[in-house]
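Analysis of the macromolecular model
Below are the chains, spelled out letter by letter.
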Amino acid sequence: MEKEDLKVLNKGEEEEMELQGYRLCRWRLALVGLGVLCTGGFLLLLLYWMPEWCVKSTCTRTTARDAEVVLLRSTDEFRRWFVARVRVMLATGSNPFRSLETQTTSPPSPSSPTFPFSSPTFPPLANGHLPHPSDGSPAQELIRRSDDYQPTQIRYFTFHSTKYYWNDELQNFEVLTGLEDLQVSCSTLHSEHSAGLTRNQQEYRRLFFGVNEIAVKVPSVFKLLIKEVLNPFYIFQLFSVILWSADEYYYYAVAIVFMSVISIATSLYTIKKQYIMLHDMVAAHSIVRVTVCRANNEIEETLSTDLVPGDVMVIPSNGTIMPCDAVLVSGTCIVNESMLTGESVPVTKTHLPNPVSGERGEEADSAYNTEEHKRHTLFCGTNVIQTRFYTGELVRAVVVRTGFSTAKGQLVRSILYPKPTDFKLYRDAYLFLLCLVAVAGIGFVYSIVLSIMNKVPAKTIIIESLDIITITVPPALPAAMTAGIVYAQRRLKNIGIFCISPQRINICGQINLVCFDKTGTLTEDGLDLWGIQRVENGSFHLSEENAYKENLVKSQFVACMAACHSLTKIEGQVSGDPLDLKMFEATGWILEEATEEETSLHNHIMPTVVRPPKQLLPPEPVASPEQDMELYEISSAYEIGIVRQFPFSSALQRMSVVARLLGEKRMDAYVKGAPEVVAGLCKKETVPESFPEVLEGYTKQGFRVIALAHRRLESKLTWHKVQNISRDHIEANMEFLGLIIMQNKLKAETPGVLQDLRRAHIRTVMVTGDNMLTAISVARDCGMIPPQDTVIIADAHPPHNGHAAKITWRYADKPSKTSRLEEVNISLEDACYVDEPKRQELYHFAMNGKSFAVIEEHFPDMLQKLVLHGTVFARMAPDQKTQLIEALQEVDYFVGMCGDGANDCGALKRAHGGISLSELEASVASPFTSRTPNISCVPSLIREGRAALITSFCVFKFMALYSIIQYISVTLLYSILSNLGDFQFLFIDIAIILLIVFTMSLNPAWRELVPRRPPTGLISGPLLFSVLTQILICLGFQTITFLWVRQQPWYTIWTPLTDVCNQSSHINVSDHNDTEVDDHNIQNFENTSLFYVSCFQYLIVAIVFSKGKPFRQPSYKNWPFVLSAFTLYVFLLFIMFHPVKGIDEFLEIVCVPFEWRLKLFIIILVNAAVSVVVETFILDIILWKLVFSREKQGSFGVTPAAPTPQGGIDLWAYKCLSWLCCPHKMAPKARYMHLAQELSVDPDWPPKPTTTTEAKPRPENGSTYQIMNS
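All values reported here derive from a predicted model rather than from experimental measurement. (Residues numbered from 1 in each chain as written. Predicted model: local features only at pLDDT ≥ 70, side-chain atom pairs only at ≥ 80, totals over all residues. Heavy atoms only, no water.)

**Let's talk about the overall build of the chain**
From N to C terminus, the chain includes 41 helices and 42 strands. Among the 1270 residues that make up the chain, the fraction classed as buried is 56%. Taking all contacts inside the chain whose residues are at least 6 apart in sequence as the whole, residues at least 24 apart take part in 75%. As presented, the chain carries roughly 54,900 Å² of accessible surface, and 58% of it is formed by carbon and sulfur atoms. (Helix = DSSP H or I, 4+ residues; strand = E, 2+ residues; numbered from the N terminus. Buried < 20%, exposed > 50% of the residue type's maximum accessible area, 1.4 Å probe, protein only. Contact = heavy atoms within 4.5 Å. Areas by Shrake-Rupley, 256 points an atom, 1.4 Å probe, with all protein chains shown as cover.)

Structural data, given as structure tokens:
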């Protein structure tokens, strides 16, 4: 089929997928059915596991338009396949907004098919709605009206709770998200969408958008059971059980069935519990009664499930839980968005501005976008605490998105359908299992050949050959691998870290770079007012401690401090943004929400009033008797009413208000925000010439600086005009008022934690929305940038007036000596020395969000080099934080992110380990949530991650060795047509393996972070060396035992009458025993000898692999493991040296002479000694020292950023590989190491402060930029 038929869904988005259309083919279906019958249902299982095979074998390719089945493939690195069935829906039109669109351009004729609800009897109202007739239900009316039209067939499919509809114009499937699909402008939202929908229109739209509900269906136990049981591993176990039953190994088969039932039951319980928890979390308040405005000015109550995009809902004054995403078109709301952001500070939401055409409205009237206009959008699941409304006007909001399209719906979808965790450990685990299967294949062939040579019956050949395969894949492997993670999750919970994605705990063990938000994370949440510096007549006054002074009470500076905020009163308490609160408290003013009576002074329009306390106001002259008392009171009152708020926008970095002083006709505009931004909005003559120097002085000391500005508005601006004026019109030609200097203190724990991370060679990066110089100052104070290091600021400028984009480089600290510049170019090869912490790289890059955006667009190659050394990223917007995380991951860093959850949701989710500092038990914004409100949780998480990762390696190595040891025993016994007995298998698998594997995972994490990092995967030098050497040791000692026993003078072919121990009691063996031995030849000297040796080998490798320092506590502190191992040693030694008849008969072991037992004991001791020496001394000491000494002789060793060597690399894993495989120097695998290696020999790096880097058109092969001296 042609390439054109491959459609791409959600292009450029996270859920981008390729789509192919298929049509069912009957003859193929019949063939597959025949194949299923012939294979006894196995083909059906195979097709269930491989959806793409299923579709390709039963269907033929067709166009996407005619498809009955669509095959989807994700375009990410996982390339997963999905299948969806295409369904057909009958509707009276193909576009839910068709009638709206046509009516806005030209009213169609009533018979027009594009306007399905028109009829000559009912003239359409605005928006293309019809008045609702009194008779008949909406559904019947809809059907009756539709009889005149040919119904349209609409093709759609549902995937991951999202409906994709076929669009004939696009010739592709697309998602209908809601009102945003119309690209509706803000003014259109007010003029055409704020009247509401008719019932008919609502019914019609509901066909497309469905019920407004985030339905988390809890699957039935039967469904979950089928899904769980069809896991390939359990199918393999079923095959094993059938095989063992055929070979009469009933006890072992029953034990495995029992283990599997417990495993499946536990898994079902956990999955069901998670579904129920999610269902309860989503279901809480998801269905509420809402008040809706209809198009014919009716107001009716309905259930929230009936809402569709375009409905107008009335927000009740006492608040509600939002059942959908809606944009406010009138009134103001105070909302708690902690469910979405983890930030519990109430947020004020104002109504969407309605730009008036002619007053620069064309520019400001942008298309509505939930992200851009989030300060006007009420999100689903958030709690509206209370509303503010103007007299006689309802607080109304237009429904924008419903169901799974809402913000809450998207969050729930990300939990329901998580991306698979791409981690080398899991990929390597499958490779390892394949290796084991290959080994089993050799044994399989060997046993067949041996059996045929010995003329064994065909049935026995088949059973024993297949039995070899079942031995090599251990049945307890998945449970064993999960145990370490479960224990780590429990330990994290005990220290107040909650986890909603347990698989990420292992990945946290690999983190080698952590990004920190600044405010509320590294520094205290609240800011303290340090002082103010007012400006008059274009020059600065001396700084003053506070603004609580009589002489300042009527100044514009204090008025701006008191009025320019988004504070509100909730239950009598002033609450809102902490910064606003601190600023307002510093004025000592009083905030009052105006009552109905008081609004009469303000033409019914001012909901919030601020005024100074009476003691600050100068005494007024006494009123003359003839003066009207009421007029006197009005003139003596000094109050400011807030007419309109433009909320703080992190993109604009400012907020503003329009206010009016009581009794004044003209209004005032007040702005506060980032000093550079506010100064840019002011008249040049009002900004002091010394502004840059003063600002730099404060920011270098780490102060948070906020600038204030003011403007008297024109008298022609009435209240109604102000409500619809664009923000740009207000925020222009301002007068600069001065600066507020806030102190942001470091949290007490911050420097210590950063020092621990630096010692562990984990890079630290600051990502903040604050001023750059403030951020650099805080980075120095907390030790992220050592005092002797240089900070190079990258200032990027976009293309302008025909000039290409360019980056200018400057030093933040202006070093006094030019010779200092030479220090910038240092050798990176010394950076990996663990014993030389003083030799550090001496430069760091800092940039702001604007520069980051320019560099990302115009210097993509440069960005990778900058993130290698970038330490401070300031004025970063929330989406830029996410882009930075992605840029770091692109150069192969394992990135951790720690933030307060407010602006960091995207970054927290995108990072390998995102940890939110939130008081909520589990914030859906990030995989980890810490109740400890400081960054001390970061080292704890990395330590636990490392411990869990090493535990996974230990368990996997142990399980691999267990299967190989058992495989060696069985293969050797097959050569004499013997095998291990049923109860011997049972004893090994249950008493030894399960007990050991579940207790060896209990080692807690090591107390401190060390510079070394655990390897990323199983296929790494040290791990392969460890596993292979232990396999060879076990093989060697079992072979020696097997051959040596046959050389003993007393050796003979064992029969029930054999008595080499001179124990007459053993002669009287029942006939039953005799036949049993004849059947399986279990009881013989080789079997008994190998059973003893192999049992001790399991315990030896368990102890050798169960390592403690540097990632876990030593094994002797893990008392359940010590107790289990000690008990098993004692029991095995006891039955070896003091045979007990009952135990011997149960385990089917035979009596051997005492001197042979001593020889076996010596074999076991030598085996233990060799295993310990190879693992502990050769691997951990000699090999390590050799690797690191080679490293110092000039292998690659790179620390990609200051202030410390980045030990976060896979140095030891890869170097071991290089040392084992090839003596020559090996190129680094991680991209950032490769880049650092290149930069270490680049004479032009880092750029000098006297250079400019200019973007050039991209050549065929080459760089996209050129460094020039300016």
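**Some remarks on the environment of Ile993**
Note that Ile993 resides in helix 33 (residues 982-999). Given the relative accessible area of 1%, Ile993 is considered buried. Along the backbone, Ile993 and Tyr1098 are 105 residues apart, and their C-alpha atoms lie at a distance of 7.7 Å. Those residues in contact with Ile993 that sit more than four places away from it in its chain are Phe958, Met959, Tyr962, Ile988 and Tyr1098.

**Considering the packing of aromatic side chains**
Summed over the entire model, instances satisfying the criterion amount to 27 aromatic pairs. Consider the rings of Phe157 and Phe173, whose centres lie 5.0 Å apart with planes at 70°: the pair is edge-to-face. In this pair, Phe157 is assigned in strand 7 (residues 152-159) and Phe173 in strand 9 (residues 172-175), connecting sequence segments 16 residues apart. By the ring-pair criterion, three or more aromatic residues cluster together here, those being Tyr156, Tyr165, Tyr204 and Phe208. The ring of Tyr22 carries the charged tip of Arg61 above its face, separated from the ring centre by 5.6 Å. The residue whose ring lies beneath Arg1007 is Trp1006, and the NZ or CZ to ring-centre distance is 4.5 Å. (Phe/Tyr/Trp six-rings, centres within 6.5 Å; stacked < 30°, edge-to-face > 60°. Lys NZ or Arg CZ within 6 Å of the ring centre and 35° of its normal.)

**Describing unusual backbone geometry**
The backbone phi angle of Asn10 is positive, close to 50°, even though this residue is not glycine. Residue position: Asn10 is located in the loop between strand 1 (7-9) and strand 2 (17-24). For Asn10, a relative accessible area of 14% corresponds to the buried category. With a phi angle near 65°, Ser161 is a residue other than glycine that sits in the positive phi range. Tracing the backbone through its elements, the reader meets Ser161 in the loop between strand 7 and strand 8 (162-167).

**Side note on the sheet that holds strand 8**
Across the sheet, which stays open at both edges, the four strands sit in the order 6-7-8-9 with antiparallel pairing between neighbours. Each end of this open sheet is capped by a strand with a single partner; those strands are strand 6 (87-91) and strand 9. Pairwise comparison of adjacent strand axes, ignoring direction, gives a mean angle of 40° for this sheet. Its contacts with the sheet place helix 7 (residues 199-209) against strand 6, strand 7 and strand 8, and it is angled at close to 170° to strand 6. (Pairing = 2+ DSSP bridges. Axes fitted to C-alpha atoms, helices over the stretch in contact; angles between N-to-C directions.)

**Observations concerning the sheet that holds strand 22 (residues 528-536)**
Pairing is antiparallel across the open sheet formed by nine strands, whose spatial order is 23-22-32-31-30-29-28-27-26. This sheet does not close on itself; its edge strands, each paired only once, are strand 23 (539-540) and strand 26 (590-593).

**What to know about the packing of helix 15 (residues 458-472) against helix 32 (residues 937-974)**
The interhelical angle for the contact between helix 15 and helix 32, taken along N-to-C directions, is 160°, at an axis separation of 8 Å. The orientation of helix 15 with respect to helix 32, classified from their angle, is roughly antiparallel. Side by side, helix 15 and helix 32 meet where Glu464, Asp467, Ile468, Ile471 and Thr472 of the first sit next to Ser963, Gln966, Tyr967, Val970, Thr971 and Tyr974 of the second. (Parallel < 35°, antiparallel > 145°, perpendicular 65-115°, else oblique.)

**Side note on the environment of Leu90**
Following the sequence through the fold, Leu90 ends up in strand 6. Separated by 63 residues in sequence, Leu90 and Gln153 have C-alpha atoms that sit 4.9 Å apart.

**Observations regarding the pairing of strand 8**
Of all six residues in strand 8, five are buried, a share of seventy percent or more. Across four bridges, strand 7 lies against strand 8 in antiparallel orientation. By the bridge assignment, Tyr156 is partnered in strand 8 with Tyr165. Linkage of strand 7 to strand 8, two consecutive antiparallel strands, is achieved through a turn of two residues, within which His160 is found at a positive phi near 50°. Where strand 8 meets strand 9, four bridges bridge the pair, whose relative direction is antiparallel. Pairing of Tyr164 across the sheet is with Val175, part of strand 9. Two successive antiparallel strands, strand 8 and strand 9, enclose a turn made up of four residues, where Gln171 displays a positive phi of approximately 55°.

**Topic: the pattern of salt bridges**
Enumeration according to the criterion identifies 27 salt bridges in this entry. Salt bridges linked by common partners bring Arg199, Arg294, Glu298, Glu300 and Asp311 together as one network. (Salt bridge = Lys/Arg side-chain N within 4 Å of Asp/Glu carboxyl O.)

**Re the side chain of Asn1087**
If you trace the backbone, Asn1087 turns up in helix 36 (residues 1085-1105). Other than its neighbours up to four places away in sequence, Asn1087 contacts Leu973, Ser978, Asn979, Leu980, Gly981, Gln984, Ile1082 and Glu1148.

**A few points about helix 19 (residues 556-563)**
Counting buried residues in helix 19 gives seven out of eight residues, a clear majority hidden from the surface. Those residues of helix 19 that fall on the buried side of the exposure criterion are Phe557, Val558, Ala559, Cys560, Met561, Ala562 and Ala563.

**Overview of the nonpolar core**
Residues Phe958, Met959, Ile992 and Ile996 are the most contacted members of the largest nonpolar core, which totals 96 residues. In this view, Ile992 contacts Phe987, Cys1095, Tyr1098, Leu1099 and Leu1128; residues no more than four positions away in its chain are not counted. (Core = buried A, V, L, I, M, F, W, Y, C linked by side-chain atoms within 4.5 Å.)

**Observations regarding the side chain of Asn934**
Tracing the backbone through its elements, the reader meets Asn934 in the loop between strand 40 (928-930) and helix 32. Since its relative accessible area comes to 9%, Asn934 is described here as buried. At a separation of 3.4 Å, a polar atom in the side chain of Asn934 contacts the side chain of Glu749. At a separation of 2.4 Å, a polar atom in the side chain of Asn934 contacts the side chain of Ser936. Setting aside its immediate chain neighbours within four residues, Asn934 contacts Lys747, Glu749 and Leu917. (Polar contact = N/O pair within 3.5 Å; in protein donor to acceptor, adjacent residues only side chain to side chain.)

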